[in-house]
Amino acid sequence: MRINNARYVISAVKKEQYPCHHLPEFAMVGKSNVGKSSFINSVTNRKKLAYTSSQPGKTRTINFYSIDDKFYLVDLPGYGFARVSGREKSRWATMVNEYLTLRDNLRLIIHLLDIRHPPTRDDLTMYEYITYYNLNHIIVATKVDKISRSKAKANLDTIKKHRQVSDGILIIPYSSQNGQGREKILEIFQQNYNNLHLREK
Ligand SMILES: Nc1nc2c(ncn2[C@@H]2O[C@H](COP(=O)(O)OP(=O)(O)O)[C@@H](O)[C@H]2O)c(=O)[nH]1
Ligand SMILES: [Mg+2]
């Protein structure tokens, strides 16, 4: 798959604000600062499509991006930002839960984990949620350019163990900095796009 034209469509905090269309959506989840916005910029080859920041916890909306009018990438607000109130946390949970459980267009969840660290408690909670609702997902291990190859391999093994990824769930090491993993991601987008068409027939 090639991406020629990516555009920001809308930001939503509740389902009434989601865009109305019949295209598949691939949604990103992960902790604040894991690299969700950078991932969107890098796969679409656009430097500033999604807002990226070194200040975590800034994205508090669900952001929809249309890709070649074929599918949508959806940037969900990040979790695990320590300095937010209980109220803010429950607002986050309501928003993300509503999208993940009610959005019919959702075809694939891309769960981003920082390859440099073992999964956090919040990462594991999100994983349990994804498997509980039996949602189609892959894992993207971000910032692979920041560690050595041997450390990356060891940390991927740790992720596999934590997540009991014996059931063929894909884990893709990724770098928004140098594009490692990008081709694989585009392949997966293509597959999920094709699957949808098969289902419709
Ligand atoms: N070296 C490197 N830095 C990254 C990568 N992905 C994200 N970052 C940096 O990590 C910080 C947070 O990224 P961002 O995309 O805003 O995270 P988000 O909160 O999950 O949307 C920014 O300073 C990015 O430049 C990556 O693959 N490699
Ligand atoms: Mg972001």
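Now for a quick tour of the structure.

Calculation rules
- Every chain's residues receive numbers from 1 upward, in the order its sequence appears when written.
- For naming, the first written chain is A and the first written ligand is 1, with later ones following in the order written.
- Where totals are concerned, whole chains, interfaces and linings use all residues; where local detail is concerned, this predicted model gives features only for residues with pLDDT of at least 70, and gives and counts side-chain atom pairs only at 80 or more.
- Where side-chain values are given, they derive from all heavy atoms of the structure, hydrogens and water being excluded.
- Any carboxyl oxygen of Asp or Glu that lies within 4 Å of a side-chain nitrogen of Lys or Arg is treated as forming a salt bridge with it.
- Only protein chains enter the calculation, and the probe is 1.4 Å; a residue is then buried if its accessible area is under 20% of its type maximum, exposed if over 50%, and partly exposed in between.
- Labels follow the DSSP assignment, with helices taken as runs of H or I lasting at least four residues and strands as runs of E lasting at least two, numbered in each case from the N terminus.
- Here the expected span of a helix is defined as 1.5 Å times the quantity of residues minus one.
- Only the six-membered ring of Trp is used, alongside the rings of Phe and Tyr, when aromatic pairs are assigned; centres must lie within 6.5 Å, and planes under 30 degrees apart are stacked while those over 60 apart are edge-to-face, with the rest tilted.
- Working convention for charge: Lys and Arg count positive, Asp and Glu count negative, and His plus the chain ends are omitted.
- Any two residues whose heavy atoms approach within 4.5 Å are treated as being in contact.

Moving on: the pattern of salt bridges. All chains considered together, the criterion is met by nine salt bridges. Here glutamate 16 makes a salt bridge to lysine 15, at a shortest N to O gap of 3.7 Å. The partner of arginine 182 in a salt bridge is glutamate 183, and the shortest N-O contact between them spans 4.0 Å. By relative accessible area, which is 17% here, arginine 182 ends up buried. For glutamate 183, a relative accessible area of 57% translates into the label exposed.

Before going further, it helps to examine helix α3 (residues 121-132). Counted at 1.5 Å a residue, the expected span for α3 with its 12 residues is 16 Å, and the 16 Å between its end C-alpha atoms agrees. One or two positions beyond α3, positive phi appears at asparagine 134, with a value near 55 degrees.

The next thing to look at is helix α1 (residues 36-44). Residues lying three or four places apart along an α-helix face the same way, a consequence of the helix completing one turn every 3.6 residues. Burial runs high along α1: eight of the nine residues are buried. Inspection of α1 places Lys36, Ser37, Phe39, Ile40, Asn41, Ser42, Val43 and Thr44 among the buried residues, and these make up the whole buried set. The first or second residue beyond α1 is asparagine 45, which carries a positive phi of 60 degrees.

Let's shift gears to the packing of aromatic side chains. Tallying each qualifying case throughout the model produces 11 aromatic pairs. Relative to tyrosine 99, the ring of tyrosine 18 lies with its centre 5.7 Å away and its plane at 70 degrees, an arrangement referred to as edge-to-face. With tyrosine 18 in the loop between β1 (6-12) and β2 (25-30) and tyrosine 99 in helix α2 (residues 86-102), this residue pair connects regions lying 81 residues apart in the sequence. Residue tyrosine 18 shares its accessibility class with tyrosine 99, and that shared class is buried. Aromatic side chains phenylalanine 64 and tyrosine 99 sit 6.3 Å apart centroid to centroid with 65 degrees between the ring planes, which places their arrangement in the edge-to-face category. Linking phenylalanine 64 in strand β3 (residues 62-67) with tyrosine 99 in helix α2, this pair joins segments that are 35 residues apart in sequence. Grouping residues by exposure puts phenylalanine 64 and tyrosine 99 together as buried. Pairwise contacts between aromatic rings join Tyr18, Phe64 and Tyr99 into one cluster.

Following the sequence through the fold, lysine 31 ends up in the loop between β2 and α1. Buried within the structure, lysine 31 lacks any salt-bridge partner; its nearest side chain of opposite charge belongs to aspartate 123, at an N-O separation of 4.5 Å. If we skip the residues at most four places from it in the chain, lysine 31 touches Lys36, Gly78, Tyr79, Asp114, Thr120 and Asp123.

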